[in-house]
Amino acid sequence: MKTIGLLGGMSWESTATYYRLINEGVKANLGGLNSAKIVLHSVNFAEIEALQRTGDWQTCAQILGQAAAGLERAGAECIVICTNTMHKVVPQLTKYVSVPIIHVADVVAQTLKARSVERVALLGTRFTMSEPFYAEHLSKHALEVIVPNQDEQKMVDGVIYQELCVGQINPSSKQQYLTLINALHKRGAQAVILGCTEIGLLINQRDCELTLFDTTQIHAQAAVSFACDNS
């Protein structure tokens, strides 16, 4: 079994979900008393969020890069970043490590293509929705990406940072998300990417008819596949 390096803490709630899903996946694959070999570095999200807010992505990359390097030194054979937004700095992180970084947009795109999805709506932080780093990565896989308008993005982002990242689950926010998903469906979306690791804490497939792709679950499963591949 290979060792997974988890780079988490953005927020810790979703990192805990990654940890649980990866261990459950390894047990399901290997049976018995097997659990995942994981090295975890959890950052202080308050520091990262402040840097995001001021646009200091260079310092973000330095912090995460040093953390990733530490994970590799500790025995990690791949890096899994437990957040969608910080994949913005993956190109910089590759300078810090020699092990592969499992990119969330790649594994999500592969899952979408396997399900014959061509047009997909993207929900996430304002950075994920409005900046090109995520949508362009999906476009490389021949996917057409639909994003909410500016007002809708403000609502989605506010719920993530002000509620979900501090463990608050509000029914009114859930209804706002579901109303938005219906609107995106009318705009042609065949499915929705829950492109923030916290959104799955608020809504799931039981809540709506349109297919939801939870990036946390997909990303964690990719980590399980890597860990259990002995080739």
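That block above? That's the structure.
Below or above, wherever it landed, is the structure these notes cover.

Rules used throughout
Residues numbered from 1 in each chain as written. Predicted model: local features only at pLDDT ≥ 70, side-chain atom pairs only at ≥ 80, totals over all residues. Heavy atoms only, no water. Helix = DSSP H or I, 4+ residues; strand = E, 2+ residues; numbered from the N terminus. Rg over C-alpha atoms; globule rule 2.2 N^0.38 Å. Buried < 20%, exposed > 50% of the residue type's maximum accessible area, 1.4 Å probe, protein only. Contact = heavy atoms within 4.5 Å. Areas by Shrake-Rupley, 256 points an atom, 1.4 Å probe, with all protein chains shown as cover. Expected span 1.5 Å × (residues − 1). Arc of directions from axis to C-beta. 1 Å grid on protein atoms, 1.4 Å probe; cavity = no way out; pocket = protein on both sides within 12 Å on 5 of 7 lines; lining within 4 Å. Points joined across faces, edges and corners; volume = space filled by probe spheres on them. Nonpolar A, V, L, I, M, F, W, Y, C, P; charged D, E, K, R; others polar. Salt bridge = Lys/Arg side-chain N within 4 Å of Asp/Glu carboxyl O. Disulfide = S-S within 2.5 Å. Polar contact = N/O pair within 3.5 Å; in protein donor to acceptor, adjacent residues only side chain to side chain.

## As for the overall build of the protein
No. 1: Summing up its helical and strand segments, the protein has ten helices and seven strands in all.
No. 2: For the protein, the C-alpha radius of gyration of 17 Å lies close to 17 Å, the compact-globule estimate for 231 residues.
No. 3: Counting only C-alpha atoms, the protein reaches 45 × 40 × 35 Å along its principal axes.
No. 4: Out of the 231 residues belonging to the protein, those deemed buried represent 54%.
No. 5: Within the protein, counting contacts between residues at least 6 apart in sequence, those at least 24 apart form 75% of the total.
No. 6: Accessible surface for the protein amounts to roughly 10,500 Å². Of this, 48% is attributable to carbon and sulfur atoms.

## Some points on helix 9 (residues 171-186)
Residues separated by three or four positions in an α-helix point in the same direction, a consequence of the helix having 3.6 residues per turn.
No. 1: End to end, helix 9 covers 23 Å across 16 residues, agreeing with the expected 22 Å (1.5 Å per residue, within 8%).
No. 2: Within helix 9, burial applies to Ser 173, Tyr 177, Leu 178, Leu 180, Ile 181 and Leu 184. Along the axis of helix 9, the buried residues cluster in a sector spanning 160 degrees; they form a single face. Facing away from the buried surface of helix 9 by more than 90 degrees, the exposed residues are Pro 171, Ser 172 and Lys 186.
No. 3: Immediately beyond the C-terminal end of helix 9, within one or two residues, lies Gly 188, with a positive phi of roughly 110 degrees.

## Points about the environment of Gln 66
No. 1: Topologically, Gln 66 is positioned in helix 3 (residues 57-73).
No. 2: Owing to a relative accessible area of 47%, Gln 66 belongs among the partly exposed residues under this scheme.
No. 3: Along the backbone, Gln 66 and Val 97 are 31 residues apart, and their C-alpha atoms lie at a distance of 9.0 Å.

## Structural notes on empty space enclosed by the protein
No. 1: In total, this model carries one cavity of 30 Å³ or more according to the counting rule given.
No. 2: Along the walls of the largest cavity sit Met 10, Phe 45, Gln 52, Thr 83, Thr 85, Met 86, Thr 125, Ile 160, Tyr 161, Cys 165, Cys 196 and Glu 198, which together make up its complete lining.
No. 3: Breaking the lining of the largest cavity down by element, the ones donating at least two residues are helix 2 (45-54) and helix 8 (150-162).
No. 4: When its residues are assigned to classes, the lining of the largest cavity shows seven nonpolar, four polar and one charged.

## A word on the pattern of salt bridges
No. 1: For the coordinates displayed, the defined rule picks out six salt bridges.
No. 2: In this structure, the salt-bridge partner of Asp 157 is Arg 126, at a minimum N-O distance of 2.9 Å. One end of the pair, Asp 157, is in helix 8; the other, Arg 126, is in helix 6 (residues 126-130), with 31 residues separating them in the sequence.

## Some thoughts on the environment of Leu 7
No. 1: Of note, Leu 7 is situated in strand 1 (residues 3-8).
No. 2: Along the backbone, Leu 7 and Thr 83 are 76 residues apart, and their C-alpha atoms lie at a distance of 8.6 Å.
No. 3: When residues no more than four places from it in sequence are discounted, the contact partners of Leu 7 are His 41, Val 43, Leu 64, Ala 67, Ala 68, Leu 71, Val 80, Ile 81 and Cys 82.

## With respect to the state of the cysteines
Disulfides are covalent bonds that connect the sulfur atoms of two cysteines.
No. 1: Under the defined criterion, the tally for this structure stands at zero disulfides.
No. 2: Cys 82 takes part in no disulfide bond, and the closest cysteine sulfur to it belongs to Cys 78, at a distance of 10 Å.

## Let's talk about the side chain of His 137
No. 1: By the element assignment, His 137 lies in helix 7 (residues 132-139).
No. 2: Residue classification places His 137 among the buried residues on the basis of a relative accessible area of 17%.
No. 3: At 3.0 Å, the side chain of His 137 and the side chain of Asp 106 are in polar contact.
No. 4: Discounting chain neighbours no more than four positions away, the residues touching His 137 are His 103, Ala 105, Asp 106 and Pro 132.

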